[in-house]
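A structural walkthrough
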Amino acid sequence: MSEMMSEMMTEQTSLLACPRCDQPLEGWQCRACQVAFPVHDGIPWLFADPGAAITEWQNRWQHALARIDADRQSVRSALKGQLSAPTRRRLDALAQGYAEHRAQLDAILAPLKLSQGSRLDTHLALRTRLPGTQGILSYDANVHRDWCWGESENEAALSEVTAVLNGTSASRVLILGAGAGRLAYDLHRTLQPALTVAMDLNPLLAYVGHRVCLGEVVELTEFPLAPLTPEQGAIKRRLQAPEPAGTGLQFVLADVMRPPFQPGSFDLVITPWLLDVIEGGAAPVLARINHLLIDGGTWVNHGSVAFQSPDPALRLTLEELGCLATEMGFQTTTGREASLPYMNCPDSRHGRIETVSTSSARKVETLQKPEKHRALPDWIVTGKCPVPALSSFQNQAMSTRIHAFIMSLIDGRRSLKDMAREMEAQQLMTRQEGEEALRGFLTKMYDEAGRSSAL
Ligand SMILES: C[S@@+](CC[C@H](N)C(=O)[O-])C[C@H]1O[C@@H](n2cnc3c(N)ncnc32)[C@H](O)[C@@H]1O
């Protein structure tokens, strides 16, 4: 480890708290829990159960590789058909791109391969788990925007955040959900605090951000959504920072719901494009930010306000987010909105314009310490209490029974009408209802099988 890195880690480790029991860490260890938190390639893994988090990310990485292999295989099959010249050029670019992408991911994630994982049931015992929706490639477009083509988008983000900060200085900054870290890098160079921590739970983003900020070039292939030309179906990018970040910028792998820091560790906390993607809504995150900040510290929120929770009460508008901030001990000082391009890759016909909201709020009250986040209920973790008969489970059970029966009727000889007669004989539904249900179900199956390969 370089001298620069160890100096900076000393500054950071004095702020660390165990994500399991909240006791201060000694070095990278919690004596009370007898856990050593691994540091790979300069990035600490500060999940409540780091071994289980490593295993989970190793699994998600293998899942991503399997998908890349499947995509590559289907491109190879398609290349055997009659194709126009440009389609052949696009598929050739994709086939090569998938092969490169696989090798690049293997290289970037190599530290993860060498690390020791542990069984996932310890995750359960601690009631933690990685959010189910996050895959290793969930935010790979952000990596290319951050470190290749997104100069104007990156500048706009920095300018919105510095505008609401309005000259506020900071000595210890925490970026939650920092992704590949461009805003963390730009703010670190602009505000020049002693320490900026870029925290995320995705190791691909953290490893790329970390290496790029050290001044390295990382190669990664991008697959634009709507390539301008056939050859732009896959583009090998060179990811690079304008200059090395210098001292004091540290990437950390951890979960926002179990932040591994002592209360009052930071004077500025930033949530860029985070609150509306957190499973469980914004309130638990704000409660944690309240504790991470010193009295009078600043919280800046930046990004879209596009909550998509299954719970309608959690799909907040900007006004509701403002009320929540007040409840969570914050006084909003500045707010602004701007219509900004978002993920407008120059090699793609696809891009978005977003109404981006940026606000700055001061901590005016310290809330009660939030309870430990419990990602799963007891009836899953201990397995000793009754599994509740939720209405969604009952609906699912009924449709699974009907679908299983339909599948058992498919024998390569029966027609849709024959099957509807069988369903009526079993008193599942009338023949007419059965025909309608079968048509809907079989259409879905046909789509899922891929129309071109189904007869
Ligand atoms: C919409 S992306 C924004 C990333 C980055 N701030 C940017 O603007 O490019 C949301 C980020 O939050 C991270 N994230 C989601 N849930 C998280 C959690 N529970 N703890 C830490 N990071 C989380 C994701 O990995 C992802 O990098």
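Residues numbered from 1 in each chain as written. Predicted model: local features only at pLDDT ≥ 70, side-chain atom pairs only at ≥ 80, totals over all residues. Heavy atoms only, no water.

1. A few points about the overall build of the protein
Helices and strands together make up the secondary structure of the protein, namely 15 helices and 13 strands. Its C-alpha atoms give the protein a radius of gyration of 25 Å, near enough to 23 Å, the size a compact globule of 455 residues would have. When the backbone C-alpha atoms are referred to their principal axes, the protein occupies close to 75 × 60 × 45 Å. Per-residue burial over the protein gives 47% buried out of 455 residues. Across the protein, contacts joining residues at least 24 apart in sequence account for 72% of those joining residues at least 6 apart. Taken as a whole, the protein presents about 22,400 Å² of accessible surface, with 51% of it coming from carbon and sulfur. Computed over 44 positive and 51 negative side-chain charges, the separation of the two mean positions in the protein equals 7 Å. (Helix = DSSP H or I, 4+ residues; strand = E, 2+ residues; numbered from the N terminus. Rg over C-alpha atoms; globule rule 2.2 N^0.38 Å. Buried < 20%, exposed > 50% of the residue type's maximum accessible area, 1.4 Å probe, protein only. Contact = heavy atoms within 4.5 Å. Areas by Shrake-Rupley, 256 points an atom, 1.4 Å probe, with all protein chains shown as cover. Lys, Arg positive; Asp, Glu negative; His and termini not counted. Charge placed at Lys NZ, Arg CZ, Asp CG, Glu CD.)

2. Notes on the site of the ligand
The immediate surroundings of the ligand are formed by 19 residues, with Asn142, Arg145, Gly177, Asp200 and Asp255 found nearest. At 2.6 Å from an oxygen atom of the ligand is found a side-chain nitrogen or oxygen belonging to aspartate 200. A distance of 2.8 Å separates a nitrogen atom of the ligand from a polar atom in the side chain of aspartate 255. Against a free-state accessible area of 580 Å², the protein chains account for coverage of 95% of the ligand. For the shell around the ligand, the per-class residue count stands at 11 nonpolar, 5 polar and 3 charged. (Near = heavy atom within 4 Å. Polar contact = N/O pair within 3.5 Å; in protein donor to acceptor, adjacent residues only side chain to side chain. Nonpolar A, V, L, I, M, F, W, Y, C, P; charged D, E, K, R; others polar.)

3. A short note on the domain arrangement of the protein
When the parts of a complex come together, some accessible area is lost, and that lost area is often taken as the interface size. Taken domain by domain, the protein holds domain 1 (38-49 + 119-363) and domain 2 (390-449). Of note, the centres of domain 1 and domain 2, computed from C-alpha atoms alone, are 45 Å apart. (Domains from an automatic or database assignment.)

4. Some details on unusual backbone geometry
Notably, aspartate 41 is not glycine yet its phi reads approximately 55°, a positive angle. You can see aspartate 41 is positioned in the loop between strand 3 (39-40) and strand 4 (43-44). One non-glycine residue, methionine 343, lies in the positive phi region at around 60°. Topologically, methionine 343 is positioned in the loop between strand 12 (330-342) and strand 13 (352-363). Assessed through its relative accessible area of 13%, methionine 343 is described here as buried.

5. With respect to the packing of aromatic side chains
Enumeration according to the criterion identifies 6 aromatic pairs in this entry. For the ring pair tyrosine 98 and phenylalanine 223, a centre distance of 5.0 Å and an interplane angle of 25° mean the geometry is stacked. With a gap of 125 residues between them, tyrosine 98 in helix 3 (residues 85-108) and phenylalanine 223 in the loop between strand 7 (218-222) and strand 8 (235-239) connect regions that are remote in the sequence. Residue classification places tyrosine 98 among the buried positions, given a relative accessible area of 12%. Phenylalanine 223 sits in the partly exposed class, given a relative accessible area of 23%. Arranged with centres 5.0 Å apart and planes meeting at 85°, the rings of phenylalanine 261 and phenylalanine 266 form a pair that is edge-to-face. Accessibility expressed as a relative area gives 5% for phenylalanine 261, which makes it buried. For phenylalanine 266, a relative accessible area of 0% corresponds to the buried category. Its end group placed over the ring of tryptophan 57, arginine 60 keeps NZ or CZ at 5.5 Å from the ring centre. (Phe/Tyr/Trp six-rings, centres within 6.5 Å; stacked < 30°, edge-to-face > 60°. Lys NZ or Arg CZ within 6 Å of the ring centre and 35° of its normal.)

6. Examining the pairing of strand 8
What you see with strand 8 is a clean split: Ile235, Arg237 and Leu239 sit on the buried side and Lys236 and Arg238 on the side with no burial. In the sheet, strand 7 pairs with strand 8 via 5 bridges, with the strands oriented antiparallel. Within strand 8, the position partnered with glutamate 219 by the bridge is arginine 238. (Pairing = 2+ DSSP bridges.)

7. Digging into the nonpolar core
Grouped together as the largest cluster of nonpolar side chains are 58 residues, with contacts concentrated most on Trp45, Trp147, Val208 and Ile270. In terms of residue count, helix 2 (residues 50-79) provides more of this core than any other element does, 9 residues in total. In contact with valine 208, other than residues within four places in its own chain, are Ile108, Val143, Trp147, Val218 and Leu239. With 41 residues, the next largest nonpolar core counts Met257, Phe266, Leu321 and Phe330 among its residues. (Core = buried A, V, L, I, M, F, W, Y, C linked by side-chain atoms within 4.5 Å.)

8. A short note on the environment of glycine 281
Looking at the secondary structure, you find glycine 281 in the loop between strand 10 (266-272) and helix 10 (283-292). For glycine 281, a relative accessible area of 5% gives the class buried. Each C-alpha atom of the pair glycine 281 and aspartate 311 lies 9.1 Å from the other, and the pair is 30 residues apart in sequence.

9. Describing the pattern of salt bridges
Summed over the entire model, instances satisfying the criterion amount to 24 salt bridges. Salt-bridge contacts for arginine 237 lead to aspartate 347; the nearest nitrogen and oxygen are separated by 2.7 Å. You can see arginine 237 sitting in strand 8 and its partner aspartate 347 sitting in the loop between strand 12 and strand 13, a full 110 residues away along the chain. Assessed through its relative accessible area of 8%, arginine 237 is described here as buried. Owing to a relative accessible area of 14%, aspartate 347 belongs among the buried residues under this scheme. (Salt bridge = Lys/Arg side-chain N within 4 Å of Asp/Glu carboxyl O.)

10. Some words on the sheet that holds strand 6 (residues 195-200)
Strand order in the open sheet formed by 7 strands is 9-6-5-10-11-13-12, with mixed pairing between adjacent strands. On the outer flanks of this sheet lie strand 9 (249-253) and strand 12, each paired with one strand and no other. Taking the axes of each pair of neighbouring strands and ignoring which way they run, one obtains an average angle of 15° across the sheet. Here strand 11 (residues 293-303) pairs with strand 13 via 6 bridges, running antiparallel. If you follow tryptophan 299 over to strand 13, its bridge partner there is alanine 361. Strands in contact with helix 9 (residues 203-213) are strand 6 and strand 9; relative to strand 9, the strand with the most contacts, it is inclined by about 165°. (Axes fitted to C-alpha atoms, helices over the stretch in contact; angles between N-to-C directions.)

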